[in-house]
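# Structural features, examined
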Amino acid sequence: MSDGEVLDAVWLTLKLATVSTLILLLVATPIAWWLARTRSRLRASVAALVTLPLVLPPTVLGFYLLVALGPEGPLGRLTQALGLGVLSFTFAGLVLGSVIFSLPFAVQPIQRAFESMGARPMEVAATLGARPLDAFFSVALPYARPGLMTAGVLGFSHTVGEFGVVLMIGGNIPGETRVISTQIYGYVEAMQYNEAHWLAALMVVFSFAVLFLVSSIRSRAGRLL
Amino acid sequence: MRRRLQHVLICGLWLAMLAVMAPAMPAAEARIAVAANFAGPMQRLVPLFESATGHRLIVAVGSTGALHAQIRHGAPFDVFLAGDTTTPAMLRAAGVGVEGYVFTYATGRLVLWSRDPTLVDGEGAVLRSREWRRLAIANPALAPYGKAAIETLGRLGLIEQVRPRLVQGENIAQTLQFVASGNAQLGFVALSQVMQDGRMTAGSMWRVPREWHAAIAQDALLLQRGRDNPAAVAFLEFLRSARAREVMQRFGYEFPAEGS
């Protein structure tokens, strides 16, 4: 247990959160758009499905991921067929878990931003001759920027704070799946309280900074609207 | 009308309290912290003990290290069945255990196990092969079986070679789960986890020779909280009985008295 170990965990956590957040924004934006605009009968089911990770204990997600990612699970078969191998105990597996786990935190702020815009700006853009995709990029996305930023910050920090899923599918490999939260857990269990304090304090400061950032984004957006 | 409702409510509450307290009244109740490797036999021992004595046991399972940390910080347990001897010794030194109430209740065996019935050979030579991707062990900082696994790999001179393929479970139960779900092809687990009624339940295994790692002698300890708890003291006595030992033996545990 050394400084190198702590730095490894910090670096890995930041890498995991960054990669997961980028993927989250790419996945969440179209889902949020669809949820904000559709009148489909499927809307309620999709909305419930997307929100599910918010309610489920991480151990449930972790357990299902462990089974699904395994060599005989549906996802494991798929990844093996694609030549990616089995994703449990890998960084890619953690990214997948984090994206699923944080999806509601990214979808909801973006969806709310799109909803508050209403149908009018898109209609105006259409009458001015903009194609739907064009209007989406030049009207809707800029409008939803505060929502996107909130989604990014929340997705990032939620991934940093993730614990249960990582514990279930990570396997505690240094530099690959041992993140700050599982490292703190290991220190506490082994009664290495100095190291635990160090990392835990870092997490508290970080979380405060994130929440501060989110609330200032919100109040600035509120002034604009 | 309101008064009547009040009466009904009070009666209901009283009945509910009675129902909650009733089972505890005739006999005592003890909380037992159990090292993960011993979860299987514990499941068999609890009903035997309860029906023989009328006492009730509440069992909490975890890694020896995790339970140690919890007990040191006031976790409400009466008895600790550890996976090693050093942890109970530390607790005694810290004054959390009761003097004179510590003994080795069983000695565990480490096995290399796979759920594939043909993968593991009788000498563990599979460890040197490329036929597997992941080897699961318990966290050596927390779990005695994890420590024994590292000692075994050290004796084989394989630590550096297998390190990139090692994954760690937080305790030996999670380690087994990694192997049983097929996410790891191989794992060092406790014999008690893959053995029932004297037979291996599934897969293939290699029994690591006893002398390849420090003996996994497992100590039981009466904690200060259980000092005057008849259920706790009775359970410790029960653990030494022939009846309890027969159950443990069927899970592959050995006893110091039998020698090697």
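Residues numbered from 1 in each chain as written. Chains lettered and ligands numbered in written order. Predicted model: local features only at pLDDT ≥ 70, side-chain atom pairs only at ≥ 80, totals over all residues. Heavy atoms only, no water.

### Points about the pattern of salt bridges
All names here are of chain B. To keep it simple, the criterion reads: A pair is scored as a salt bridge if a Lys or Arg side-chain nitrogen falls within 4 Å of a carboxyl oxygen belonging to Asp or Glu. Each helix corresponds to a stretch of at least 4 residues labelled H or I by DSSP, and each strand to a stretch of at least 2 residues labelled E; elements are numbered beginning at the N terminus. Only protein chains enter the area calculation, which uses a 1.4 Å probe; residues under 20% of their type maximum are buried, those over 50% are exposed, and those in between are partly exposed.
The tally for this structure, following the rule as stated, stands at 10 salt bridges over all chains. Its salt-bridge partner being Glu29, residue Arg56 comes within 3.4 Å of it at the nearest N-O pair. Here Glu29 lies in strand S1 (residues 29–35) and Arg56 lies in strand S2 (residues 56–62), a separation of 27 residues in the sequence. For Arg56, a relative accessible area of 37% puts it in the partly exposed group. Residue class for Glu29 comes out partly exposed when judged on its relative accessible area of 31%. Linking Glu160 and Arg163 is a salt bridge whose minimum nitrogen-to-oxygen distance equals 3.1 Å. Among the residues examined, Arg163 registers a relative accessible area of 45% and is labelled partly exposed.

### Quick look at the packing of helix H1 (residues 3–37) of chain A against helix H5 (residues 91–117) of chain A
Residue and element names in this part refer to chain A. Spelled out, the test is: Inter-axis angles, ranging from 0 to 180 degrees, are taken between N-to-C directions of lines fitted to C-alpha atoms, where helices are fitted over the stretch in contact. Here the word oblique covers every angle except those under 35 degrees (roughly parallel), over 145 (roughly antiparallel) and from 65 to 115 (roughly perpendicular). Left-handed is the label given to a crossing in which the near helix is rotated counterclockwise from the far helix by less than a right angle, and right-handed is the label when the rotation is clockwise. When residues are grouped by polarity, Ala, Val, Leu, Ile, Met, Phe, Trp, Tyr, Cys and Pro land in nonpolar, Asp, Glu, Lys and Arg in charged, and all others, Gly among them, in polar.
Where H1 contacts H5, the two axes come as close as 6 Å, and the packing angle between them is 40 degrees. Relative to H5, the element H1 lies oblique. Handedness of the H1/H5 crossing: right-handed. Broken down by class, the residue content of the contact of H1 with H5 amounts to 23 nonpolar, five polar and two charged.

### Notes on the confidence of the model for chain A
Where we set the bar: Values of pLDDT, the confidence the predictor places in each residue, fall between 0 and 100.
Of all residues in chain A, 97% have pLDDT values of 70 or greater, and the mean over the chain is 90. Across chain A, element-level confidence peaks in H5(A) with a mean pLDDT of 95 and bottoms out in helix H11 (residues 193–224) of chain A with 83.

### Quick word on the interface of chain A and chain B
Applicable threshold: In what follows, residue pairs with any heavy atoms lying within 4.5 Å of each other are defined as contacts. By definition, the buried area sums, over both parts, the 1.4 Å-probe accessible area that each loses when the two are put together.
Contacts between chain A and chain B engage 23 residues on the former and 23 residues on the latter. Interface of chain A and chain B: buried area, both sides summed, is about 1,700 Å²; carbon and sulfur atoms make up 54% of it. The largest contributions to the chain A side of the interface with chain B come from Phe89(A), Glu189(A) and Met191(A), which together make up 33% of the buried area. One salt bridge connects Arg115(B) with Glu72(A), and the closest N-O pair in it is separated by 2.8 Å.

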